[in-house]
Amino acid sequence: MSERPRLTVLSGPSGVGKSTVVAHLRKVHPEVWLSVSVTTRKPRPGERHGVQYFFVEDEEFDKLVANGELLEWAEFAGNRYGTPRKAVLERLEAGEPVLLEIDLQGARQVRASMPEARLVFLAPPSWEELVRRLTGRGTEPPEVIERRLEAARVELAAEAEFDVTLVNTSVEDVGRELLALMKDS
Ligand code: ADP
Ligand code: 5GP
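Model, not experiment: these values are computed from the prediction.

Reading guide: rules and limits
Residues numbered from 1 in each chain as written. Chains lettered and ligands numbered in written order. Predicted model: local features only at pLDDT ≥ 70, side-chain atom pairs only at ≥ 80, totals over all residues. Heavy atoms only, no water. Near = heavy atom within 4 Å. Polar contact = N/O pair within 3.5 Å; in protein donor to acceptor, adjacent residues only side chain to side chain. Areas by Shrake-Rupley, 256 points an atom, 1.4 Å probe, with all protein chains shown as cover. 1 Å grid on protein atoms, 1.4 Å probe; cavity = no way out; pocket = protein on both sides within 12 Å on 5 of 7 lines; lining within 4 Å. Sits in = over half its atoms within 2 Å of the grid points. Helix = DSSP H or I, 4+ residues; strand = E, 2+ residues; numbered from the N terminus. Nonpolar A, V, L, I, M, F, W, Y, C, P; charged D, E, K, R; others polar. Buried < 20%, exposed > 50% of the residue type's maximum accessible area, 1.4 Å probe, protein only. Lys, Arg positive; Asp, Glu negative; His and termini not counted. Salt bridge = Lys/Arg side-chain N within 4 Å of Asp/Glu carboxyl O. Contact = heavy atoms within 4.5 Å. Phe/Tyr/Trp six-rings, centres within 6.5 Å; stacked < 30°, edge-to-face > 60°. Lys NZ or Arg CZ within 6 Å of the ring centre and 35° of its normal.

**Quick word on the site of ligand 2**
Step number 1: In the vicinity of ligand 2 lie 16 residues, with Ser-37, Arg-41, Tyr-53, Tyr-81 and Glu-101 positioned nearest.
Step number 2: For ligand 2, an oxygen atom lies 2.8 Å from a polar atom in the side chain of Arg-44.
Step number 3: Separating an oxygen atom of ligand 2 from a side-chain N or O atom of Arg-148 is a distance of 2.9 Å.
Step number 4: In isolation ligand 2 offers 510 Å² of accessible surface; the protein chains occlude 97% of this area.
Step number 5: The cavity where ligand 2 resides is the largest pocket.
Step number 6: Contributing elements (two or more residues each) for the shell around ligand 2: β5 (70-76) and β6 (79-84).
Step number 7: Looking at the shell around ligand 2 residue by residue, the class counts come to five nonpolar, four polar and seven charged.

Below you can see the structure in the form of structure tokens.
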């Protein structure tokens, strides 16, 4: 019998609903442990340090990279994002499931360094719906949306690299499916 995958990576284009799905999952199942990433992006209204992200300056991020403190990291649409290594490894060593919500480049790095991880791709019901969601969120100016849509085209083309695809039509359904995958042996 193969070892139970303890590390689940959720990835997918910007605006597909990753944060929404994860927030819903954690509300219904507070026991699900999600890695909090470090980012150089500025907080959006309502985002809090240590909750959605650890918000840091460029110099601080440089240091984390130099000291090998990130399990993976990537530049995305002009900002850097990374997963603190220590907390993830501690959870895994304790035998607890871990969820990462990261971009495609990060997912590829995890696949390379931890091949036992399960990679889950969150897909939009359609391209038009993805554009609607990203625009409708209203958190980015038009040029940033354009950059994110460019990245989304590349990310959508990488779906086949993932172990599983979940289509985000209903947040509740995807949350249930994701939880089932995390508990799956
Ligand atoms: P991501 O984290 O992937 O960038 P968000 O979670 O911020 O995406 O979602 C982008 C927008 O899409 C938000 O306005 C969110 O409310 C909306 N959204 C997310 N999931 C759904 C869904 N299943 N149906 C309709 N709208 C959704
Ligand atoms: P946002 O700025 O919308 O919060 O996130 C932008 C993108 O960065 C999303 O695709 C998100 O999944 C990704 N991301 C968030 N945290 C990390 C991380 O730690 N590593 C990597 N590689 N990507 C991340």
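**A look at the side chain of Asp-103**
Step number 1: Summarising the element assignment, Asp-103 is placed in the loop between β7 (98-101) and α4 (104-113).
Step number 2: One buried charge, Asp-103, has no salt-bridge partner; the nearest side chain with opposite charge is Arg-108, at 8.1 Å.
Step number 3: Within the structure, Asp-103 has its side chain in polar contact with the side chain of Gln-105 (distance 2.8 Å).
Step number 4: The residues touching Asp-103, leaving out its near neighbours within four places in the chain, are Ser-11, Ala-74, Phe-76 and Glu-155.

**So, the packing of aromatic side chains**
Step number 1: According to the stated counting rule, one finds five aromatic pairs in the structure shown.
Step number 2: Relative to Trp-73, the ring of Phe-61 lies with its centre 5.8 Å away and its plane at 75°, an arrangement referred to as edge-to-face. Of this pair, Phe-61 sits in helix α2 (residues 58-66) while Trp-73 sits in strand β5, and the two are twelve residues apart along the sequence.
Step number 3: Given the relative accessible area of 0%, Phe-61 is considered buried.
Step number 4: Aromatic side chains Phe-76 and Tyr-81 sit 6.3 Å apart centroid to centroid with 80° between the ring planes, which places their arrangement in the edge-to-face category. Across the pair, Tyr-81 and Phe-76 agree in class, each one buried.
Step number 5: Here a set of aromatic residues connected by ring pairs shows up, and it is made of Tyr-53, Phe-55, Phe-76 and Tyr-81.
Step number 6: Geometry around Trp-73 places Arg-80 over its ring, the cationic atom sitting 5.9 Å from the centre.

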